[in-house]
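# Summary of the model geometry
The chain contents come next:
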Amino acid sequence: MNWEVLTMRSATSYFKTLVRSDLRHYWPICFGYTFIWIIMLPIQLIRNLPDMDSPRRFVGETMEQALFAALVMAAIFGIIAAVACYSYLMNSRSTGLLHSLPAGRSTHFFAHFTSGMTMLLGGNVIVFALVLLAQVSGMAGVKWNVTLLWLLVVTLLDFLFFVLGIFCAMFTGWLLAVPVLYVGINFAAAVIQLLIGSLSSVLYYGYCDVDLLPFVRWLTPVIKIGDKFTNMDYYQRPYNRSGWADYKETISIVLIYAAAALVLLGVSYLLYRLRHSEAAGDSVAFRWAKPIFRYLIAVVGGLALGMGLFWLIFEGGMDHSRMGLLVCLLLMTVLCYFAADMLIRKSLRVFKQGWKGMLAACGIVVLLFVAMCLDLFGYVRYTPNAAQVKSVDVTIDAPSFACAMNCTDEETILAAINAQKAAIEQGRGEAYEDCNALHVTYTLKDGTEVMRSYTEMHLEKGSALHEALNVLGNTESVTKQTLLRDNYEKDVKSVKGGYVYSDEGRCQLTTEQARAIYQALQRDVEAYVGNWDAAEPTVTYYDPNEYTTVELEGTVWSYSVDQIPTYCKDTWKIIDQLHFEQDW
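Residues numbered from 1 in each chain as written. Predicted model: local features only at pLDDT ≥ 70, side-chain atom pairs only at ≥ 80, totals over all residues. Heavy atoms only, no water.

## A few points about the pairing of strand 6 (residues 505–509)
Burial of strand 6 is extensive: four of the five residues sit out of reach of the surface. As paired strands, strand 5 (residues 495–502) and strand 6 are joined by five bridges and run antiparallel to one another. Its bridge partner lying in strand 6, Tyr501 is registered against Arg506. Where strand 5 folds back on strand 6, the antiparallel hairpin that results is connected by two residues. (Buried < 20%, exposed > 50% of the residue type's maximum accessible area, 1.4 Å probe, protein only. Helix = DSSP H or I, 4+ residues; strand = E, 2+ residues; numbered from the N terminus. Pairing = 2+ DSSP bridges.)

## Things to note about the pattern of salt bridges
Where charged atoms of side chains with opposite charge meet at close range, the side chains can pair. Overall, the coordinates contain eight salt bridges when judged by the stated rule. A salt bridge links Arg345 to Asp341; its shortest N-O distance comes to 2.9 Å. With a gap of four residues between them, Arg345 and Asp341 both fall in helix 12 (residues 322–345), about one helical turn apart. The shortest N-O distance in the salt bridge between Arg381 and Asp375 comes to 3.0 Å. Judged by relative accessible area, Arg381 falls into the exposed class, the value being 53%. Salt bridges here are not isolated pairs; linked through shared partners, they connect Arg294, Asp341 and Arg345. (Salt bridge = Lys/Arg side-chain N within 4 Å of Asp/Glu carboxyl O.)

## Things to note about unusual backbone geometry
You will see that Lys346, though not glycine, has its phi angle at about 55 degrees, which is positive. Within the secondary structure, Lys346 sits in the loop between helix 12 and helix 13 (351–373). Unlike most non-glycine residues, Asp375 shows phi in positive territory, near 55 degrees. Assessed through its relative accessible area of 6%, Asp375 is described here as buried.

## Concerning the confidence of the model for the chain
Here the chain averages 86 in pLDDT, while 89% of its residues score no lower than 70. The model gives residues 1–9 a pLDDT under 50, and that stretch makes two contacts with residues more than four places away or in other chains. Here residues 238–242 is a poorly scored stretch, pLDDT under 50, and it has five contacts once near neighbours within four places are set aside; other chains count. (pLDDT = per-residue confidence, 0-100. Contact = heavy atoms within 4.5 Å.)

## Thoughts on the layout of surface pockets
As a volume, the largest pocket reaches approximately 1300 Å³. When contributions to the lining of the largest pocket are tallied by element, the ones reaching two or more residues are helix 6 (144–169), helix 7 (177–203), helix 10 (248–274), helix 11 (290–313) and helix 12. By residue number, the principal contributor to the lining of the largest pocket is helix 7, which donates 13 residues. Taken together, the residues of the lining of the largest pocket sort by class into 37 nonpolar, five polar and no charged. The volume enclosed by the second largest pocket comes to roughly 560 Å³. In terms of lining residues, the second largest pocket is bounded by 20 residues, among which Tyr207, Cys208, Val210, Leu213 and Tyr379 are the most central. Elements with a contribution of two residues or more to the lining of the second largest pocket: helix 7, helix 13 and strand 4 (449–457). For the lining of the second largest pocket, the element with the most residues is helix 7, which contributes five residues. (1 Å grid on protein atoms, 1.4 Å probe; cavity = no way out; pocket = protein on both sides within 12 Å on 5 of 7 lines; lining within 4 Å. Points joined across faces, edges and corners; volume = space filled by probe spheres on them. Nonpolar A, V, L, I, M, F, W, Y, C, P; charged D, E, K, R; others polar.)

## Description of a nonpolar patch on the surface
Taken together, the side chains of Trp27, Phe31, Phe35, Ile36, Ile39 and Ile43 make up a nonpolar region of the molecular surface, amounting to roughly 580 Å² of accessible area. The dominant element in the nonpolar patch, judged by the number of residues it contributes, is helix 1 (residues 3–40), at five residues. As for its placement among the helices and strands, Phe35 is situated in helix 1. (Patch = residues over 30% accessible without salt bridge, like charges linked within 9 Å, V, L, I, M, F, W, Y side chains within 5 Å. Areas by Shrake-Rupley, 256 points an atom, 1.4 Å probe, with all protein chains shown as cover.)

## Here we look at the sheet that holds strand 7 (residues 548–554)
Reading across from one edge, 6-5-7-8 is the order of the four strands in this open sheet, with antiparallel pairing throughout. The sheet is open, and its two borders are formed by strand 6 and strand 8 (558–561), each paired with just one other strand. For this sheet, the mean inter-axis angle between neighbouring strands, taken without regard to orientation, is 10 degrees. (Axes fitted to C-alpha atoms, helices over the stretch in contact; angles between N-to-C directions.)

## Things to note about the side chain of Ser283
The residue Ser283 is located in the loop between helix 10 and helix 11 in this model. Looking at Ser283, the relative accessible area reads 12%, which means it is buried. Each residue touching Ser283, except ones within four places of it in the same chain, is listed here: Phe171, Thr172, Gly173, Trp174, Leu343 and Ile344.

## Considering the sheet that holds strand 3 (residues 436–444)
Strand order in the open sheet made by the four strands is 2-1-3-4, with antiparallel pairing throughout. Edge positions in the open sheet fall to strand 2 (401–407) and strand 4, since each of these has one partner strand only. Between one strand and the next, the sheet's axes are offset by a mean angle of 10 degrees, whatever the strand orientation. Taken strand by strand, helix 14 (residues 410–426) contacts strand 1 (389–397), strand 2, strand 3 and strand 4, and its axis lies near 130 degrees from that of strand 3.

## Some thoughts on helix 16 (residues 476–484)
Along helix 16, the residues classified as buried are Val478, Thr479, Lys480, Thr482, Leu483 and Leu484. In this structure, the buried side of helix 16 is in contact with strand 2, helix 14, helix 15 (464–473), helix 17 (511–528) and strand 8.

## Here we look at the packing of aromatic side chains
One pair of aromatic rings is described through two measures. These are the centre distance and the angle between the planes. Applying the stated criterion to the full structure yields 25 aromatic pairs. An angle of 70 degrees between the planes, with centres 5.0 Å apart, marks the rings of Phe167 and Phe171 as edge-to-face. The side chain of Arg105 reaches across the aromatic face of Tyr272, ending 5.5 Å from its centre. Looking at Arg452, its charged tip hangs above the ring of Tyr379, at a distance of 3.8 Å from the centre. (Phe/Tyr/Trp six-rings, centres within 6.5 Å; stacked < 30°, edge-to-face > 60°. Lys NZ or Arg CZ within 6 Å of the ring centre and 35° of its normal.)

## Overview of the pairing of strand 3
Taking burial as the measure, the nine residues of strand 3 include seven buried ones, the bulk of the element. With eight bridges connecting them, strand 1 and strand 3 associate as antiparallel partners. From the neighbouring strand, Val392 faces strand 3, where its bridge partner is Tyr442. Where strand 3 meets strand 4, seven bridges bridge the pair, whose relative direction is antiparallel. Note that in strand 4 the partner of Thr443 across the bridge is Glu449.

Written out as structure tokens, the structure reads:
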């Protein structure tokens, strides 16, 4: 008989044997996966459909809510299946035995891949069939769009996370290290951004926490897909809509990740072919990957633990001690590097061989630290060009308070930019003495948001920052929104009552008193806007020791002014005549 034909038949037979062996040993994974899904979907439909006035809408909502459950189930059972099917790579005897048999690496790799996907896909098919039966029995019809969407999404997500688990299994010979690596890869990008943000909050004056960047979200599939699923609202759509158009973006996102998983599967296959059988039991399976793991653990772990140590020692970083922060980062970098080296070398005696690598890891941290201190990335000095700004949100929290949202006028935009430049020029004040703050958010014409938050500002009357805040706080948009919110154009007849709170107590306003205060505020604001030079400066027109709050209630609106400035003379005339109750 031809030897090639014999080998091919042997490989085919061995492939089937491997698949059957995996299914025989790891069937509880399929059982548990399917059992949980049966409880979440078919049983829920069977129990609730007969009592629903709109069964089709209930099915649509239930199946859409199950998409987030599909993400969680795929993330959990994907790594469980990967660890089970490729667990033999973590045992030297099993690896040596299987790799000594006639079948090649390709047969081994794809046989175990087939086993894992068969368990997950088989469970999906069983649940899908039961869901169809539940719908037919409960409402004499099937909601095909959301039901098929669930089957497609859950299958692709199983594929994505199972492949990601396989990829992690290729890099280590420790069974318990696979799920750790799996979690790390899933959230690495988000963790790195959070660490850089935490470091920036100390080193960058004006830094403001931002949401995860778009590319970071894409590199964190659990967050990207989870956000999409949680924002779906079935009841916001028309009753008789087909629904496929609503799911176009969802399907596109999942397909993109599935395509990336297909590429990752190919990379995993190549790694499997290059992996030595002797790597079983090693923390890192490839020689070339060991320095990468050392430096990643050292730098990322050093930043994380270093920031934690800094916030613990320096009382939440309130004194912004740069030297103290650097010392904390370097201490934790050294600790993390040697810890990683001990795991890789399987020995506690690592200083003699690892001190050079430790210095290199510390050098990386120092370079990053110095680059941020010198603002080489231009974050601190950046202010947008007024021509690029579409709108700006402003909050001044000084002895006075001013807040305005979505200001599109050129006057306020220029004033906000000038106030930001003045805050940058003056720098940070003393953490325990200065509690003034300026928060600005620019929305640029290209849709980008630029946010800055300047806290602990030292404020002296007549300084450049003082004057800039005066100009900003007294623009028409900021003044009207601060004192009248968005109600300055509302009819006074809509005012129905309210309260005034002060150090003297509380006064409940009659309708006439509330309308009188509302009209007085409107007159005072209109008289003040544009004439701030003749009035008291914005940042000093409130007495920080005086507490006066006005709450007005309308038919369909209400708002409050925390403090009434002294230039509102008509308003104060009315307030001074009120009777306050002290024991209310």
